[in-house]
Amino acid sequence: MAQANGDNKPGSQHTEEQVVLDEEIGHVRVVTLNSPRKLNIITSKVVSRLAELYEKWENENGAELIIIKGTGRAFSAGGDLRMLYEGRADESWIEVVYRMYWLQYHIHTYKKTLVSIVHGIAMGGGASLAVPTTFSVVTEKTVFATPEAAFGFHTDCSNSYILSHLPGNLGEYLALTGARLDGAEMIAIGLATHYVPSEKLPELEKRLTSLNSGDKDVVKATIKEFSIQVQPGEKSILHNCSLIEKCFSKDTVEAIIEYLIRQGCNQTLSECLKKEFRISINTLRGVISNDMYEGIRAMMIEKDNSPKWNPPLDEVTNEKLNLVFKPFKEEFELQLPAENKISRWEGKYESSGYKK
């Protein structure tokens, strides 16, 4: 029998405020991002609830297969930028940033079968909830992007690790330009595992839940029954990879992005996450610039789309850039099992130096 839960109390009725819904169907668990009017953005409540559910289900013998999806026209459009902007003065964003990076490690290394159904927009941190899953299903409506550079931020939420493993300089291109990919393009470069036409999604989900099993071979075979072979369209940027290689071989701003992304090829997941965490904290603290807040203001608050960057690019020295990468005291670093020899679900925000 299926048991549906909301964010707070088991068995409670679904309401608009319940931004994460979860169901227990035999040995299958279904989690739904449920803020369609806000494109299922990742708020503090979403991060906390996902971490709670993922930990519970990984440790629960009865849970074998976990499915994550979104309601409306988005899987998830990424982080809550307005929350970051409004938390500028008191750094109230620290908790959600820490929890998100900690959650990312556990999604990448999850011990049970994870299936993401990525129908619609999947951007930035939203995409990072889907790409690392065991199987990621995309459709003709899927739109992937890492648009952080447009508002003065960096490629975050494990995306430097993800993009660094793409062919050639494609990762640098996506990180710097925020270019969008469709489902067929994601399949072509390995950002998704299966392409399923959207009209087949209800039946696919029904079949997956009826499996009542997390056996990877069985789950894979089931998804394959519904999937079709696709190729990038004629106008796809993937047909111009030689041009991307030529452009990103130059010694300009691309060199900075290339360093951030290419470095990920030679780093472990934990190293990438800790690097991104430091950059995020130092950027949000305005160590060398308040450009991120200016970018959010221009895009989301006043919506004039005319950010005034300061300092100008030619005044950003290597010495200033080094400040963004500067490590913290150990108690303020992101605590991850692989590097700190703590047990898998330790290292939470509550035990960090940030908890006041």
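Scroll up to find the structure.
In this report, the structure presented in the accompanying data block is examined.

The next thing to look at is the environment of Lys-38. Position of Lys-38 relative to the elements: it lies in the loop between strand E3 (28-33) and helix H1 (44-58). The spatial distance from the C-alpha of Lys-38 to the C-alpha of Gly-72 is 9.5 Å, given a sequence separation of 34 residues.

For the rest of this paragraph, the subject is unusual backbone geometry. Backbone torsion omega between Asn-310 and Pro-311 reads 5 degrees, so that peptide bond is classified as cis. Its location among the elements puts Pro-311 in the loop between helix H12 (291-301) and helix H13 (318-325). Phi angles above zero are rare outside glycine, and Asn-40 is one such case at about 55 degrees. Judged by relative accessible area, which is 2%, Asn-40 ranks as buried. A positive phi angle, near 55 degrees, is found at Lys-303, a position not held by glycine. The residue Lys-303 is located in the loop between H12 and H13 in this model. The exposure class assigned to Lys-303 is exposed, which follows from its relative accessible area of 58%.

Further remarks concern the sheet that holds strand E7 (residues 121-123). In space, the four strands of this open sheet follow the order E5-E7-E9-E10, with mixed pairing throughout. Here the strands that pair on one side only, and so sit at the sheet edges, are strand E5 (74-76) and strand E10 (181-182). Across two bridges, E5 lies against E7 in parallel orientation. Bridge pairing in E7 links Ser-76 to Ala-122.

With respect to the helices, strands and loops of the structure, Glu-172 is situated in helix H5 (residues 170-177). Within polar-contact distance, the side chain of Glu-172 engages the side chain of Asn-169 at 3.2 Å.

This next bit is on the pattern of salt bridges. Evaluation of the coordinates by the stated rule reveals 15 salt bridges. With its nearest N and O atoms 3.0 Å apart, the salt bridge here joins Asp-22 to Arg-49. With Asp-22 in strand E2 (residues 20-25) and Arg-49 in helix H1, this pair connects stretches of sequence that are 27 residues apart. Across this residue pair, the class does not change: Asp-22 and Arg-49 are buried. In this structure, Arg-344 engages Glu-58 in a salt bridge whose closest nitrogen and oxygen atoms are separated by 2.6 Å. You can see Arg-344 sitting in the segment after helix H14 (337-340) and its partner Glu-58 sitting in helix H1, a full 286 residues away along the chain. Look at Arg-344 and you get buried, because its relative accessible area is 17%. Residues participating in the shared-partner salt-bridge network are Glu-294, Arg-297, Glu-302 and Asp-304.

Before going further, it helps to examine H1. Its 15 residues give H1 an end-to-end C-alpha distance of 21 Å, which sits within 8% of 21 Å, the value for a rise of 1.5 Å per residue. Within the sequence span of H1, burial applies to Val-46, Val-47, Arg-49, Leu-50, Ala-51, Leu-53, Tyr-54, Glu-55, Trp-57 and Glu-58. Where H1 is buried, its residues touch E2, E3, strand E4 (65-70), helix H3 (94-108) and strand E6 (113-118).

Let us look at the packing of H1 against H3. Where H1 contacts H3, the two axes come as close as 9 Å, and the packing angle between them is 35 degrees. For H1 against H3, the interelement crossing comes out left-handed. Across from Ser-44, Val-47, Ser-48, Leu-50, Ala-51 and Tyr-54 in H1, the residues of H3 making contact are Val-96, Arg-99, Met-100, Trp-102, Leu-103 and Ile-107. Looking at the contact of H1 with H3 residue by residue, the classes come out as nine nonpolar, two polar and one charged.

This next bit is on the packing of helix H11 (residues 269-284) against H13. Look at H11 against H13: their axes get within 7 Å of each other, and the N-to-C directions meet at 110 degrees. In this view, H11 runs roughly perpendicular relative to H13, as classed from their interaxial angle. Facing Lys-275, Arg-278, Ile-279, Asn-282 and Thr-283 of H11, the residues of H13 in contact are Leu-323, Val-324 and Phe-325. Here the residues of the contact of H11 with H13 sort into four nonpolar, two polar and two charged.

As a general feature of sheets, a regular strand has side chains that alternate between the two faces. With burial as the criterion, each face of strand E8 (residues 135-138) is covered, one bearing Phe-135 and Val-137 and the other bearing Ser-136 and Val-138. Relative to E8, E6 runs parallel, the two being bridged by four bridges. Its bridge partner lying in E8, Ser-116 is registered against Ser-136. With two bridges connecting them, E8 and strand E11 (residues 194-195) associate as parallel partners. Its bridge partner lying in E11, Val-137 is registered against His-194.

Attention now goes to the side chain of Gln-335. Here Gln-335 shows up in the loop between H13 and H14. Among the polar contacts listed, one links the side chain of Gln-335 to the backbone oxygen of Glu-330, at a separation of 2.9 Å.

Here we come to the packing of aromatic side chains. What the rule picks out here adds up to 11 aromatic pairs. For the ring pair Tyr-54 and Tyr-110, a centre distance of 5.3 Å and an interplane angle of 50 degrees mean the geometry is tilted. Residue Tyr-54 is found in helix H1, and its partner Tyr-110 is found in the loop between H3 and E6; the two are separated by 56 residues along the sequence. Look at Tyr-110 and you get buried, because its relative accessible area is 10%. Summarising the aromatic geometry, the rings of Phe-151 and Phe-153 are spaced 6.4 Å apart at their centres and angled 15 degrees between planes, so their arrangement reads as stacked. Here Phe-151 matches Phe-153 in class, with each residue buried. Ring-pair connections join several aromatic residues into one group, and the members of that group are Tyr-98, Tyr-101, Phe-277, Phe-328, Phe-332, Tyr-349 and Tyr-354.

Reading guide: rules and limits
Here the residue numbering is sequential within each chain, running from 1 through the sequence in written order. Only residues with pLDDT of 70 or above have their local features reported here, since the model is predicted, and side-chain atom pairs are shown and tallied only from 80 upward, although totals for entire chains, interfaces and linings are computed over all residues. Only hydrogens and water are set aside when side-chain values are computed; all heavy atoms of the structure are taken into account. The helix count covers DSSP runs of H or I at least four residues long, the strand count covers runs of E at least two residues long, and both are numbered beginning at the N terminus. Classification of residues uses two cut-offs on accessible area relative to the type maximum, computed with a 1.4 Å probe and protein chains only: under 20% is buried, over 50% is exposed, and between them is partly exposed. Strand pairing requires that DSSP identify at least two bridges connecting the strands. Each polar contact in these results corresponds to two N or O atoms within 3.5 Å; when the atoms are within protein, one needs to be able to donate a hydrogen and the other to accept it, and residues that are neighboring in sequence are counted only if both atoms are side-chain atoms. The term salt bridge refers to a side-chain nitrogen of Lys or Arg lying within 4 Å of a carboxyl oxygen of Asp or Glu. What a helix is expected to span follows from its residue count: subtract one and scale by 1.5 Å. Contacts are assigned to residue pairs with any non-hydrogen atoms lying within 4.5 Å of each other. Interaxial angles span 0 to 180 degrees and are taken between N-to-C directions of axes, which are lines fitted to C-alpha atoms, for helices over the stretch in contact. Handedness of a helix crossing follows the sense of rotation of the near helix relative to the far helix, less than a right angle counterclockwise being left-handed and clockwise being right-handed. Each residue is assigned to one of three groups, with Ala, Val, Leu, Ile, Met, Phe, Trp, Tyr, Cys and Pro labelled nonpolar, Asp, Glu, Lys and Arg labelled charged, and all others, Gly among them, labelled polar. For classification purposes, angles smaller than 35 degrees are called roughly parallel, those larger than 145 roughly antiparallel, those between 65 and 115 roughly perpendicular, and all remaining angles oblique. Any pair of Phe, Tyr and Trp rings, taking the six-membered ring for Trp, is counted once the centres come within 6.5 Å. Such a pair is stacked with planes under 30 degrees apart, edge-to-face with planes over 60 apart, and tilted for the rest.

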